[in-house]
Amino acid sequence: MKRFDSTLFNQSLSEQASDVNLQINQWLKRGNKTYQLSLADFTAITDERKALFEEHHLVDFSWGNTNYFASFLASEPLFYKREYVTHLSACQSIFYYLRAYHSGSVTDKEIREAIEARYREYRGDLDRLIGSFEDFPALEE
């Protein structure tokens, strides 16, 4: 099997990236956060996302999943930028783990909603959230 040529894919995501960073910062502002994501913060999120694609052998042609988590986390009581970035990173990581685990049998929307529901159930406790999906990756019907 030939190696996937990701040149155009990466170029497309790179072109969208600045818009995504601006959108996340708008959500943070609307959520009355005292911080904004810097270019370095966003680059770290982007690099981690690319690593998750490779780790799970996935391709994601949009920023929709990251935007979903960034949006709902902007309204959560996360008082420090590092905390927000850590929670966004964890949600992204869980999402791509589940996307690979379920391999097309559930939609992105179902995965996102399951992560958000458990996040709220565990009140943002990342250890419980991550552990729950590692132990029970099946989504509730």
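This one's a predicted model, so the numbers in the text were calculated from it and none came from an experiment. (Residues numbered from 1 in each chain as written. Predicted model: local features only at pLDDT ≥ 70, side-chain atom pairs only at ≥ 80, totals over all residues. Heavy atoms only, no water.)

## Section: the pattern of salt bridges
Part 1 of the argument: One pass over the structure, following the stated rule, counts 5 salt bridges.
Part 2 of the argument: Between Arg120 and Glu76 there is a salt bridge, with the nearest N and O atoms lying 2.5 Å from each other. Here Arg120 is found in helix H5 (residues 108–121), whereas its partner Glu76 is found in the loop between helix H3 (64–74) and helix H4 (81–102), with 44 residues between them in sequence.
Part 3 of the argument: Between Arg120 and Glu116 there is a salt bridge whose closest N-O contact spans 2.7 Å. Residue Arg120 and its partner Glu116 are located together in helix H5, separated by 4 residues, close to a single helical turn.
Part 4 of the argument: For Glu116, a relative accessible area of 16% puts it in the buried group.
Part 5 of the argument: If you follow the salt bridges from partner to partner, you end up with Glu76, Glu116 and Arg120 in one network. (Salt bridge = Lys/Arg side-chain N within 4 Å of Asp/Glu carboxyl O. Helix = DSSP H or I, 4+ residues; strand = E, 2+ residues; numbered from the N terminus. Buried < 20%, exposed > 50% of the residue type's maximum accessible area, 1.4 Å probe, protein only.)

## Thoughts on the nonpolar core
Part 1 of the argument: Ile24, Leu73, Tyr84, Ile115 and Tyr119 are the most contacted members of the largest nonpolar core, which has 37 residues in total.
Part 2 of the argument: At the level of elements, helix H1 (7–30), helix H2 (39–56), H3, H4, H5 and helix H6 (126–135) are the ones that each hand at least two residues to this core.
Part 3 of the argument: By residue number, the principal contributor to this core is H4, which donates 9 residues.
Part 4 of the argument: Those residues in contact with Tyr119 that sit more than four places away from it in its chain are Phe72, Leu73, Glu76, Leu78, His87, Cys91, Gly124, Leu126 and Leu129. (Core = buried A, V, L, I, M, F, W, Y, C linked by side-chain atoms within 4.5 Å. Contact = heavy atoms within 4.5 Å.)

## A word on the confidence of the model for the protein
Part 1 of the argument: When pLDDT is averaged along the protein, the result is 88; 87% of the residues meet or exceed 70.
Part 2 of the argument: In this model residues 4–13 is a low-confidence stretch, pLDDT under 50, and it forms 12 contacts with partners more than four residues away in sequence or in other chains. (pLDDT = per-residue confidence, 0-100.)

## Structural notes on the packing of H3 against H5
Part 1 of the argument: One can describe the packing of H3 onto H5 by two numbers: an axis separation of 11 Å at closest approach and a directional angle of 25 degrees. Considering the angle they form, H3 stands roughly parallel to H5. For the element pair H3 and H5, the recorded crossing hand is right-handed. Residue-level contacts link Asn65, Tyr68, Phe69, Phe72 and Leu73 of H3 to Asp108, Arg112, Glu113, Ile115, Glu116, Tyr119 and Arg120 of H5.
Part 2 of the argument: The residue inventory of the contact of H3 with H5, partitioned by class, reads 6 nonpolar, 1 polar and 5 charged. (Axes fitted to C-alpha atoms, helices over the stretch in contact; angles between N-to-C directions. Parallel < 35°, antiparallel > 145°, perpendicular 65-115°, else oblique. Left-handed = near helix turned anticlockwise from the far one by under 90°. Nonpolar A, V, L, I, M, F, W, Y, C, P; charged D, E, K, R; others polar.)

## Description of unusual backbone geometry
Part 1 of the argument: Positive phi, normally seen in glycine, also occurs at Asn32, with a value near 60 degrees.
Part 2 of the argument: As for its position among the elements, Asn32 is in the loop between H1 and H2.
Part 3 of the argument: The phi torsion at Ser103 lies on the positive side, around 40 degrees, for a residue other than glycine.
Part 4 of the argument: Secondary-structure assignment places Ser103 in the loop between H4 and H5.

## Quick notes on the side chain of His102
Part 1 of the argument: Locating His102 in the fold gives a position in helix H4.
Part 2 of the argument: For His102, a relative accessible area of 12% translates into the label buried.
Part 3 of the argument: Only 2.9 Å separates the side chain of His102 from the backbone oxygen of Pro137, close enough to count as a polar contact.
Part 4 of the argument: In contact with His102, other than residues within four places in its own chain, are Pro137, Ala138 and Leu139. (Polar contact = N/O pair within 3.5 Å; in protein donor to acceptor, adjacent residues only side chain to side chain.)

## Here's the deal with H4
Part 1 of the argument: Here H4 spans 31 Å end to end across 22 residues, near enough to the 32 Å set by a 1.5 Å rise per residue.
Part 2 of the argument: Looking one or two residues past H4, Ser103 carries a phi angle of roughly 40 degrees, positive in sign. (Expected span 1.5 Å × (residues − 1).)

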